[in-house]
Amino acid sequence: MKHFKHPNILRFAFLLAFIFLMQSCSDFLEQEPGTKVSITEQLENKKGLLQAMSGLYGELEELMRFAPYATYADLQGGNIKFTPTIGATSSSTNTGTISIRDNTAGIYSFDDRAEESNLASFYANSYGIINQANLLLEFTDALPDATIEEKNQIKAEALTIRAYTHFLLSQVYSQNYGFTADASHLGIVYSKASTNEKLTYPARETVANTYTLIINDIKTALDLYTDNTLISGPTYSYFNKVNTKALLSRVYLYKKDWKNAYDTANDIISNSGVVLTVSENYVAQWEQPDLPISEILLEFTVRRNNEGNASLTMASAYGYTTNSNYGYYSASNDLIYLYESNDIRKQLFLTKSIGTIVNLQLVPLNYNFTKKYQDNPGYVAFRLSEQYLIRAEAAIGLNNVDQARTDINTIRARAKATLLTDNSNILEALLLERRKEFCFEGHLFFDIARNKKDVSRNDGCISSACSVTYPSPKYILPIPRSNINLNTNLKQNESY
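Residues numbered from 1 in each chain as written. Predicted model: local features only at pLDDT ≥ 70, side-chain atom pairs only at ≥ 80, totals over all residues. Heavy atoms only, no water.

1. Things to note about the overall build of the protein chain
Per the secondary structure count, the protein chain includes 17 helices and 13 strands. Taken along the three principal axes of its C-alpha coordinates, the protein chain extends 65 × 55 × 45 Å. Relative to its full complement of 496 residues, the protein chain shows a buried share of 58%. Summarising the internal contacts of the protein chain: among those between residues at least 6 apart in sequence, 69% fall at separations of at least 24. Roughly 19800 Å² of accessible area belongs to the protein chain as shown, and the carbon and sulfur atoms make up 48% of that amount. Averaging the coordinates of the 46 positive side-chain charges in the protein chain and doing the same for the 52 negative ones gives two points 4 Å apart. (Helix = DSSP H or I, 4+ residues; strand = E, 2+ residues; numbered from the N terminus. Buried < 20%, exposed > 50% of the residue type's maximum accessible area, 1.4 Å probe, protein only. Contact = heavy atoms within 4.5 Å. Areas by Shrake-Rupley, 256 points an atom, 1.4 Å probe, with all protein chains shown as cover. Lys, Arg positive; Asp, Glu negative; His and termini not counted. Charge placed at Lys NZ, Arg CZ, Asp CG, Glu CD.)

2. Digging into the nonpolar core
Membership of the largest hydrophobic core comes to 137 residues, with the highest contact counts inside it found for Phe122, Tyr164, Tyr173, Phe239, Phe300, Phe382 and Phe440. Tallying contributions element by element places helix 6 (residues 148-173) first for this core, with 12 residues. Beyond its immediate stretch of four places on either side in the chain, phenylalanine 122 contacts Leu63, Phe66, Tyr69, Leu168, Leu169, Val172 and Tyr173. With six residues, the next largest nonpolar core counts Ile86, Ile354, Tyr367 and Phe369 among its residues. (Core = buried A, V, L, I, M, F, W, Y, C linked by side-chain atoms within 4.5 Å.)

3. Focus on the side chain of glutamate 433
Mapped onto the elements, glutamate 433 comes out in helix 15 (residues 426-437). Take glutamate 433: its relative accessible area is 0%, and that puts it in the buried class. One polar contact links glutamate 433 to arginine 345, side chain to side chain, over a distance of 2.7 Å. Filtering out sequence-adjacent residues up to four positions away, glutamate 433 remains in contact with Arg345, Leu389, Ile408, Ile411 and Arg412. (Polar contact = N/O pair within 3.5 Å; in protein donor to acceptor, adjacent residues only side chain to side chain.)

4. Re the packing of aromatic side chains
Across all of its chains, the model carries 30 aromatic pairs by this definition. An angle of 20 degrees between the planes, with centres 5.5 Å apart, marks the rings of tyrosine 318 and tyrosine 373 as stacked. You can see tyrosine 318 sitting in helix 11 (residues 315-318) and its partner tyrosine 373 sitting in the loop between strand 10 (361-370) and strand 11 (379-383), a full 55 residues away along the chain. Grouped by ring-pair contacts, the aromatic residues Phe82, Tyr108, Tyr318, Tyr328, Tyr329, Tyr339, Phe349, Tyr373 and Phe440 constitute a single cluster. A cation over a ring is seen here: lysine 372 above tryptophan 286, with NZ or CZ 5.0 Å from the ring centre. Sitting over the face of the ring of tyrosine 254, arginine 450 holds its NZ or CZ atom 4.8 Å from the ring centroid. (Phe/Tyr/Trp six-rings, centres within 6.5 Å; stacked < 30°, edge-to-face > 60°. Lys NZ or Arg CZ within 6 Å of the ring centre and 35° of its normal.)

5. A word on the side chain of glutamate 295
Among the structural elements, glutamate 295 can be located in the loop between helix 10 (279-287) and strand 5 (296-300). Residue classification places glutamate 295 among the buried residues on the basis of a relative accessible area of 0%. Separated by 2.9 Å, the side chains of glutamate 295 and serine 385 make a polar contact. Within the local environment of glutamate 295, its side chain forms a polar contact with the side chain of arginine 414, the two groups lying 2.9 Å apart. Among residues more than four places away in sequence, those in contact with glutamate 295 are Val274, Val275, Leu276, Thr277, Arg383, Leu384, Ser385 and Arg414.

6. Re the state of the cysteines
Within the structure shown, the criterion is met by one disulfide. Between the sulfur atoms of cysteine 461 and its disulfide mate cysteine 466 the distance is 2.1 Å. Around the S-S axis, the bridge from cysteine 461 to cysteine 466 shows a dihedral of about -100 degrees and counts as left-handed. (Disulfide = S-S within 2.5 Å.)

7. Some details on the environment of valine 278
Note on placement: valine 278 falls in the loop between helix 9 (258-271) and helix 10. Owing to a relative accessible area of 41%, valine 278 belongs among the partly exposed residues under this scheme. In this structure the C-alpha to C-alpha distance between valine 278 and glutamate 295, which are 17 residues apart in sequence, comes to 9.4 Å.

8. Here's the deal with unusual backbone geometry
Across the junction of alanine 67 and proline 68, the peptide omega takes the value 15 degrees, indicating a cis bond. Along the chain, the position of proline 68 falls in the loop between helix 2 (46-65) and helix 3 (69-77). One non-glycine residue, aspartate 375, lies in the positive phi region at around 55 degrees. Mapping aspartate 375 onto the fold places it in the loop between strand 10 and strand 11. A relative accessible area of 44% means that aspartate 375 is categorised as partly exposed.

9. Observations concerning helix 2
The terminal C-alpha atoms of helix 2, which comprises 20 residues, lie 29 Å apart, in line with the 28 Å expected from a rise of 1.5 Å per residue. The buried count for helix 2 comes to 15 of 20 residues, which makes it a mostly enclosed element. By the N-cap criterion, in which a side-chain oxygen at the helix start approaches the backbone nitrogen of a residue two or three places on, helix 2 is capped by asparagine 45, the distance to lysine 47 being 3.3 Å. (Expected span 1.5 Å × (residues − 1).)

10. A word on the packing of helix 13 (residues 384-397) against helix 14 (residues 401-414)
Where helix 13 meets helix 14, the closest approach of the two axes is 7 Å, and the angle between their N-to-C directions is 155 degrees. For the element pair helix 13 / helix 14, the angle class is roughly antiparallel. Judged by the twist between their axes, the crossing of helix 13 over helix 14 is left-handed. Side by side, helix 13 and helix 14 meet where Ser385, Tyr388, Leu389, Arg391, Ala392, Ala395 and Ile396 of the first sit next to Val401, Gln403, Ala404, Asp407, Ile408, Thr410, Ile411 and Arg414 of the second. Per-class residue counts for the contact of helix 13 with helix 14 are nine nonpolar, three polar and three charged. (Axes fitted to C-alpha atoms, helices over the stretch in contact; angles between N-to-C directions. Parallel < 35°, antiparallel > 145°, perpendicular 65-115°, else oblique. Left-handed = near helix turned anticlockwise from the far one by under 90°. Nonpolar A, V, L, I, M, F, W, Y, C, P; charged D, E, K, R; others polar.)

11. A word on the packing of helix 5 (residues 120-140) against helix 6
Two measures define how a pair of helices packs: the angle their axes make with one another and the distance between the axes. Where helix 5 contacts helix 6, the two axes come as close as 9 Å, and the packing angle between them is 160 degrees. Between helix 5 and helix 6, the angle falls in the class roughly antiparallel. For the pair helix 5 and helix 6, the crossing hand works out as left-handed. The class makeup of the residues in the contact of helix 5 with helix 6 is 16 nonpolar, five polar and three charged.

12. Observations concerning the environment of proline 364
Counting through the fold element by element, proline 364 comes out in strand 10. Separated by 83 residues in the primary sequence, proline 364 and asparagine 281 place their C-alpha atoms 33 Å from one another. In contact with proline 364, other than residues within four places in its own chain, are Ser353, Ile354 and Gly355.

Written out as structure tokens, the structure is:
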């Protein structure tokens, strides 16, 4: 048996024939497979627009768990390593071999190619989601059967999705905010109008302007949010005022706007009504099927078909069922060895002995699979513990190191790890805690980049480039060549 399959997923989706705003937009949406309606017809009333918004969340969920994006930050940073290939039979010639997956070959070696980038579809799909969010924004005010409060809620969620997706793009395709003193280096194209309105050929903003536009969208959304829930399903699967603030605090952190990062995280910790999952329940909460950990602020929950079956999930990357059915990645010892023996987070690993080719012989070796992504897992976007460590990092930036140590110790105490007793090397302690707490949640490489650290991968690294020294153009990826060719105003990243 091979690794988890990647089945075709029937989904509600906009059929927009475009490559990053450069090609003409379709006049149709696909409501169900084989059933097309015009954009104007679909979005002319509240029911149709909410169907479209539900579909947009489905697109966002798929974007986030898409491999290799879902594993990008942990793979590049050194938290994970490849698992042995599963052959069709135990005697298959490739059984037990360790090799780089085709869809990560470029990025893993820090040698992605613009002509066939491993994340080309992530780039295109991100702008597709942004285009769809813009369509919702353009049609909402004209809804004849929605109240002002309902319209505001729709616009708030669409604006947040637009801001969030632009932020994701900026992490992958733009050097960190502090790369230049005034953040005047290349950011991304920021799209505020759909291709349904006008076909444009925009240039990239600076990083400073990119962040200003992201923050403006989030702040506008926060002023529009109501207490209404307009889409059926788990409320933690959709943007609301609390998790939008969580996004804002993260953006402020990456901007190194310490005061606003601190105040926003502090507001969430103090006033959201969400509390940290307690030590006694921490492991069990991650182990439970279907439901997220109780401190979740936003999880992009896996979509299900009419029979209630989950489609492709994060388990395709990280799951373990049997020795003939497991995901592509396990934890590296670089990560495993960071945990103290009494740290309860060590219990979040399934240790399995799997046959691996070593010196031409198949021998059993241990692999550690995370329990965070078993049993129909969704994508963890925001949870409360991040706000404690955002507040801690911001406190360091504000020279309030005692507060930083208190927040770090809050997370360490929950994990039953040894508490910090002084403020020496406090930033390194903070980054170490983020690595241990948020492993497999898409943070590590971006934490390394924004703190201007070097990449060093050891256990399981099979690339010709296991380390990268900051600064380097290889901390970001190339804009796909097809997009560059279509838009002469779109400048390529250095070295690509």
